[in-house]
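# A structural walkthrough
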Number of protein chains: 2
Amino acid sequence: MADVAARERKILVAVDEDEESVHALSWCLKNVISKNSKDTLVLLNVKPPRAVFSALDGTGYLFSADIIAAVDKYSNDVAECVVEKAKKMCKDLHDVDIKVETRIEHGDPRDVICQMTEKLGADVLVMGSHGYGLIKRALLGSVSNHCVQNVKCPVLIVKEPKSS
Amino acid sequence: MADVAARERKILVAVDEDEESVHALSWCLKNVISKNSKDTLVLLNVKPPRAVFSALDGTGYLFSADIIAAVDKYSNDVAECVVEKAKKMCKDLHDVDIKVETRIEHGDPRDVICQMTEKLGADVLVMGSHGYGLIKRALLGSVSNHCVQNVKCPVLIVKEPKSS
């Protein structure tokens, strides 16, 4: 029926500080969401646990309380900035109002993205192919692979186009 | 700009005899292709090499020439049937004309799907999460995983909904 415009869908987009996730969001806005859509776009940023940042220091002694507080603040600021930037892109690229919700969660991105997809009853999960930068990916494993294996709804993996 | 309706996109859908790929196609028709779209849908069926069917017989002696010919014919018939069934579904589910092309190729589905995605300059690749049944998957590996890793365009992985 090609009833894209008529149905209300919940589209969950995992956004992070990587450009790839911004590209995934813009691709989704241009290709999945139609002009007169009633879709709700949920922008999800997952802050990985602190263990990831301090992984090179297993002892916990090298980081003082202020440094940990500063890192936490930085991590919160980055998360706020990421979802705000993503929200702005939704307005810029989509010239009619679509409902945009933002969520910042904390935990292992692999688990949290899957849990939120389920919890929100998302119709589709959209994400970059990496989800996280090289070093974090080495520590966390491939987020997108994990999500493809574990979520029940369709998953759209968007890669950053290589400059050619 | 949410210019789904205005742009011409090439959407490659990998179809096979599994119900999952039929579900992927129907999800794509309902959620990605808008009503007044100029999209071209390319339905691709890849016939795996005969080695897969005769993998349990490494000697080549057990199968006579007629059996091999019969298997080949069966495999061709299945491929024809799969793409025809998929084409019919496009007409049934999409009440306006969209351009539908069909292709039957031969080879390792992982390689062929990636090559065709590149060759046709597809804007998005749509497929089921398995791509092939349990036994064939054990022999061929996960087709969708391979494609997510190797194609440059966005990949939409659609799972068959579990009856609950």
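These figures come from a predicted structure and were not determined experimentally. (Residues numbered from 1 in each chain as written. Chains lettered and ligands numbered in written order. Predicted model: local features only at pLDDT ≥ 70, side-chain atom pairs only at ≥ 80, totals over all residues. Heavy atoms only, no water.)

## Overview of the overall build of chain A
Looking only at helices and strands, one finds six helices and five strands in chain A. When the helices and strands of chain A are placed in sequence order, the string is β-α-β-α-α-β-α-β-α-α-β. Counting over 164 residues, chain A shows a buried share of 46%. Within chain A, contacts between residues at least 6 apart in sequence are counted, and of these 80% link residues at least 24 apart. (Helix = DSSP H or I, 4+ residues; strand = E, 2+ residues; numbered from the N terminus. Buried < 20%, exposed > 50% of the residue type's maximum accessible area, 1.4 Å probe, protein only. Contact = heavy atoms within 4.5 Å.)

## Section: the packing of helix H1 (residues 19-31) of chain B against helix H3 (residues 65-93) of chain B
Residues and elements named next belong to chain B. At a minimum axis separation of 10 Å, H1 and H3 run at an interaxial angle of 30 degrees. Put simply, H1 runs roughly parallel to H3. Note that H1 runs across H3; the crossing there is right-handed. Residues Val22, Leu25, Ser26, Leu29 and Lys30 of H1 pack against Lys85, Ala86, Met89, Cys90 and Leu93 of H3. (Axes fitted to C-alpha atoms, helices over the stretch in contact; angles between N-to-C directions. Parallel < 35°, antiparallel > 145°, perpendicular 65-115°, else oblique. Left-handed = near helix turned anticlockwise from the far one by under 90°.)

## Some words on the relation of the copies chain B and chain A
Overlay of chain B on chain A (RMSD 0.0 Å): rotation 180 degrees, translation along the axis 0.0 Å. Classification of the inter-copy transformation places it as that of a two-fold axis. The rotation axis passes nearest to the C-alpha of Leu156 of chain B in chain B, at a distance of 2.1 Å. Residue by residue, 100% of the interface of chain B is reproduced at the interface of chain A, so both copies engage with the same surface. (Least-squares fit on C-alpha atoms with pLDDT ≥ 70 in both.)

## Digging into the interface of chain B and chain A
The interface of chain B with chain A comprises 31 residues on the first partner and 31 residues on the second. Buried surface at the junction of chain B and chain A, summed over both partners, amounts to about 2700 Å²; 50% is from carbon and sulfur atoms. The tally of links between chain B and chain A comes to twelve residue pairs in polar contact (both at pLDDT 80 or more). Put simply, the parts of the chain that give the side of chain B that touches chain A at least two residues each are H1, helix H6 (143-150) and strand E5 (155-158) of chain B. (Buried area = accessible area lost by both parts, 1.4 Å probe. Polar contact = N/O pair within 3.5 Å; in protein donor to acceptor, adjacent residues only side chain to side chain.)

## Concerning the nonpolar core
Formed by 45 residues in total, the largest nonpolar core has its most connected members in Leu41 of chain A together with Leu25 and Leu41 of chain B. Residue contributions to this core peak at six residues, all from H3 of chain B. Among all residues touching Leu41 of chain B, those that are not within four sequence positions of it are Ile11, Val13, Leu25, Cys28, Leu29, Ile33, Cys90, Ile98, Lys99, Val100 and Glu101 of chain B. (Core = buried A, V, L, I, M, F, W, Y, C linked by side-chain atoms within 4.5 Å.)

## Considering H3 of chain B
A rise of 1.5 Å per residue sets the reference length of H3 of chain B, with its 29 residues, at 42 Å; its end C-alpha atoms lie 42 Å apart and thus fit the reference within 8%. Residues Ser75, Ala79, Val82, Val83, Ala86, Met89, Cys90 and Leu93 of chain B constitute the buried set of H3 of chain B. (Expected span 1.5 Å × (residues − 1).)

## What about the pattern of salt bridges?
Residues and elements named next belong to chain A. By the definition in use, this model includes twelve salt bridges over all chains. The closest approach of N and O atoms between Asp39 and Arg9, which form a salt bridge, is 2.8 Å. Here Arg9 lies in the segment before strand E1 (10-14) and Asp39 lies in the loop between helix H1 (19-31) and strand E2 (40-47), a separation of 30 residues in the sequence. Glu118 serves as the salt-bridge partner of Lys152, at 3.4 Å between the closest nitrogen and oxygen. Highlighted residues: Lys152 in the loop between helix H6 (143-150) and strand E5 (155-158) and Glu118 in helix H4 (residues 109-120), separated in sequence by 34 residues. (Salt bridge = Lys/Arg side-chain N within 4 Å of Asp/Glu carboxyl O.)

## Things to note about the confidence of the model for chain A
When pLDDT is averaged along chain A, the result is 80; 77% of the residues meet or exceed 70. Below pLDDT 50 for its whole length, residues 1-5 of chain A participates in 22 contacts with residues either more than four positions away or in separate chains. (pLDDT = per-residue confidence, 0-100.)

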